[in-house]
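Structural description and commentary
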Amino acid sequence: VQLVESGGGLVQPGGSLRLSCAASGFAFSNYGMSWYRQAPGKERELVAGISSDGGSTNYADSVKGRFTISRDNAKNTAALQMNSLKPEDTAVYYCSAWRGIIERYWGQGTQVTVSS
């Protein structure tokens, strides 16, 4: 199982970034996908999630209306479009694949820094 995030970087407040997650080694279309983030000194928090078929999504209140999660089951990829970025969005962002309660896989993370 492998999840590889990309697309992080440094962006000014108000800017946009698109994170991608490439999955391999498992039946991607059978798993829900989520994005989490962890800022220095803080716990990892759920940012957004999407069901296995893409029909259902959920977002943290702090990112609603600014972030959009999506997936492409034909390409085994998931994405997080982040608009109107704020300094408080600065964190390491992780993609995660899950099925049921116990089975979950993690990527290595990608750094997002929002600063002027």
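These lines cover the structure that appears in this document, whether it is placed above or below. Since we're looking at a predicted model, the values are computed, not measured.

**What about the overall build of the protein chain?**
- When its secondary structure is counted, the protein chain shows 0 helices and 11 strands.
- If you list the helices and strands of the protein chain from N to C, you get β-β-β-β-β-β-β-β-β-β-β.
- Over its C-alpha atoms the protein chain spans a radius of gyration of 13 Å, differing by no more than 12% from the 13 Å that the globule rule assigns to 116 residues.
- Its C-alpha atoms put the protein chain at 40 × 25 × 25 Å along the principal axes.
- Counting only residues that meet the buried cut, the protein chain has 39% of its 116 residues in that class.
- Restricting to contacts in the protein chain with at least 6 residues of sequence separation, those with at least 24 account for 53%.

**Overview of the sheet that holds strand 3 (residues 17-24)**
- If you walk across this open sheet you meet the 4 strands as 1-3-8-7, and the pairing is antiparallel. In this open sheet, the two strands that pair with only one neighbour each are strand 1 (2-6) and strand 7 (67-72). On average, adjacent strands in this sheet sit at an angle of 15° to one another, irrespective of strand direction.

**As for the side chain of Thr110**
- Tracing the sequence through the fold places Thr110 in strand 11 (residues 110-114).
- Separated by 3.3 Å, the side chain of Thr110 and the backbone nitrogen of Gly8 make a polar contact.
- Discounting residues that sit within four places of it in the chain, Thr110 has contacts with Glu5, Ser6, Gly7, Gly8, Leu19, Ala91, Val92 and Tyr93.

**Here we look at the packing of aromatic side chains**
- Inspection of the entire model under this criterion finds 5 aromatic pairs.
- Residues Phe26 and Tyr31 carry aromatic rings whose centres are separated by 4.9 Å and whose planes lie at 75° to one another, so their mutual orientation is edge-to-face. Each member of the pair, Phe26 as well as Tyr31, carries the same accessibility label: buried.
- Between the aromatic rings of Tyr36 and Trp106, the centroid separation amounts to 4.9 Å while the plane-to-plane angle is 65°, which identifies the pairing as edge-to-face.

**Describing the nonpolar core**
- Counting residues in hydrophobic clusters, the biggest one holds 28 residues, and the most contacted among them are Trp35, Leu80, Met82 and Tyr93.
- Elements that contribute at least two residues to this core include exactly strand 3, strand 4 (32-38), strand 5 (45-50), strand 7, strand 8 (77-82), strand 9 (91-99) and strand 11.
- Those residues within four positions of Leu80 in sequence are excluded, and the remaining contacts are Leu17, Arg18, Leu19, Trp35, Val47, Ala48, Phe67, Thr68, Ile69 and Tyr93.

**Topic: the pattern of salt bridges**
- Enumeration according to the criterion identifies 5 salt bridges in this entry.
- Note that Glu45 and Arg37 form a salt bridge whose closest N and O atoms lie 2.6 Å from each other.
- Note that Glu103 is salt-bridged to Arg99, the shortest N-O span being 3.2 Å.
- Several salt bridges share partner residues, and in doing so they unite Arg37, Glu45, Arg66 and Asp89 into one network.

**What about the pairing of strand 7?**
- Across the two faces of strand 7 the burial differs, with Phe67, Ile69 and Arg71 buried and Thr68, Ser70 and Asp72 not buried at all.
- Sheet analysis places strand 7 next to strand 8, joined by 6 bridges and oriented antiparallel. Bridging from a neighbouring strand, Thr68 pairs with Gln81 of strand 8.
- Joining the antiparallel neighbours strand 7 and strand 8 is a turn of 4 residues, in which Asn76 adopts a positive phi near 55°.

About the thresholds
- Residues numbered from 1 in each chain as written.
- Predicted model: local features only at pLDDT ≥ 70, side-chain atom pairs only at ≥ 80, totals over all residues.
- Heavy atoms only, no water.
- Helix = DSSP H or I, 4+ residues; strand = E, 2+ residues; numbered from the N terminus.
- Rg over C-alpha atoms; globule rule 2.2 N^0.38 Å.
- Buried < 20%, exposed > 50% of the residue type's maximum accessible area, 1.4 Å probe, protein only.
- Contact = heavy atoms within 4.5 Å.
- Pairing = 2+ DSSP bridges.
- Axes fitted to C-alpha atoms, helices over the stretch in contact; angles between N-to-C directions.
- Polar contact = N/O pair within 3.5 Å; in protein donor to acceptor, adjacent residues only side chain to side chain.
- Phe/Tyr/Trp six-rings, centres within 6.5 Å; stacked < 30°, edge-to-face > 60°.
- Core = buried A, V, L, I, M, F, W, Y, C linked by side-chain atoms within 4.5 Å.
- Salt bridge = Lys/Arg side-chain N within 4 Å of Asp/Glu carboxyl O.

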